[in-house]
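Residue-level listing of the chains:
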Amino acid sequence: QVQLVESGGGLVQAGGSLRLSCAASRRTFSSFDMAWFRQAPGKERESVAIISRSGDSTYYADSVKGRFTISRDIAKNTVDLQINNLQPDDTAVYYCAAKTPWDTYYSYWGQGTQVTVSS
């Protein structure tokens with residue numbers, strides 16, 4: 001089991017930046033692949049950024065490439081999402097998620113943090 005707690009969401013004007021952080025409860029945090037998802041009102045949840053257990057590999061959705069950066073600090077058990085040049089379409093609840101290497105789907109989820117971008 002691992003518990004995830006997100007923080008850092010808020011209201012920001014278009015063009016602004018936010019840094020979301022996800023704190024994991026488990027000491028074996030480095031055993032989990034980590035990701036950030038988001039869900040906008042009326043839309044399905046989508047994966048926006050993924051980082052491997054070692055932190056060496058990352059993946060970004062096309063819609064966020066060049067603006068979002070995912071990183072992890074294994075010593076601190078945290079995964080961050082730096083979001084630059086925020087746009088109104090980025091408005092969503094952002095979720096941190098974790099899975100073990102043998103899981104097909106992400107099994108562990110945080111409660112989410114709201115990001116609202118005003119135009």
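Residues numbered from 1 in each chain as written. Predicted model: local features only at pLDDT ≥ 70, side-chain atom pairs only at ≥ 80, totals over all residues. Heavy atoms only, no water.

Here we look at the overall build of the protein chain
Point 1. Within the protein chain one finds zero helices and 11 strands.
Point 2. Listed by position from the N terminus, the elements making up the protein chain come as β-β-β-β-β-β-β-β-β-β-β.
Point 3. Here the C-alpha radius of gyration of the protein chain, 13 Å, is about what a compact globule of 119 residues would show, namely 14 Å.
Point 4. On the principal axes, the C-alpha backbone points of the protein chain span a range of 40 × 25 × 25 Å.
Point 5. Within the protein chain, buried positions represent 45% of all 119 residues.
Point 6. Put simply, of all contacts in the protein chain between residues at least 6 apart along the chain, 56% involve residues at least 24 apart.
Point 7. Total accessible area on the protein chain stands at roughly 6400 Å², and carbon and sulfur atoms take up 47% of it.
Point 8. Computing the positive centroid from 12 side-chain charges and the negative centroid from 11, the protein chain places the two 4 Å apart. (Helix = DSSP H or I, 4+ residues; strand = E, 2+ residues; numbered from the N terminus. Rg over C-alpha atoms; globule rule 2.2 N^0.38 Å. Buried < 20%, exposed > 50% of the residue type's maximum accessible area, 1.4 Å probe, protein only. Contact = heavy atoms within 4.5 Å. Areas by Shrake-Rupley, 256 points an atom, 1.4 Å probe, with all protein chains shown as cover. Lys, Arg positive; Asp, Glu negative; His and termini not counted. Charge placed at Lys NZ, Arg CZ, Asp CG, Glu CD.)

Details of the sheet that holds strand S7 (residues 68–73)
Where strands meet in a sheet, backbone hydrogen bonds hold them as pairs that are either parallel or antiparallel.
Point 1. The strand order S1-S3-S8-S7 describes an open sheet built from four strands, whose pairing is antiparallel. What marks the edges here is a single partner per strand, and that holds for strand S1 (4–7) and S7. Sheet twist, expressed as the average angle between the axes of neighbouring strands with direction ignored, equals 15°.
Point 2. By the bridge criterion, four bridges tie S1 to strand S3 (residues 18–24) in an arrangement that is antiparallel. When the sheet's bridge partners are listed, serine 7 is paired in S3 with serine 21. (Pairing = 2+ DSSP bridges. Axes fitted to C-alpha atoms, helices over the stretch in contact; angles between N-to-C directions.)

Points about the state of the cysteines
Point 1. Taken as a whole and assessed by the stated rule, the structure comprises one disulfide.
Point 2. With a sulfur-sulfur separation of 2.1 Å, cysteine 22 is cross-linked through a disulfide to cysteine 96. Taking the sign of the S-S torsion, about -75° here, the bridge from cysteine 22 to cysteine 96 comes out left-handed. Linking cysteine 22 in strand S3 with cysteine 96 in strand S9 (residues 92–99), this pair joins segments that are 74 residues apart in sequence.
Point 3. Residue class for cysteine 22 comes out buried when judged on its relative accessible area of 0%. (Disulfide = S-S within 2.5 Å.)

Examining the pattern of salt bridges
Point 1. Tallying each qualifying case throughout the model produces seven salt bridges.
Point 2. Between arginine 38 and glutamate 46 there is a salt bridge; the shortest N-O distance is 2.7 Å.
Point 3. Taking the relative accessible area as the measure of exposure, arginine 38 reaches 6% and is therefore buried.
Point 4. Overall, the relative accessible area of 32% leaves glutamate 46 in the partly exposed class.
Point 5. One connected set of salt bridges, linked through shared partners, spans Arg38, Glu46, Arg67 and Asp90. (Salt bridge = Lys/Arg side-chain N within 4 Å of Asp/Glu carboxyl O.)

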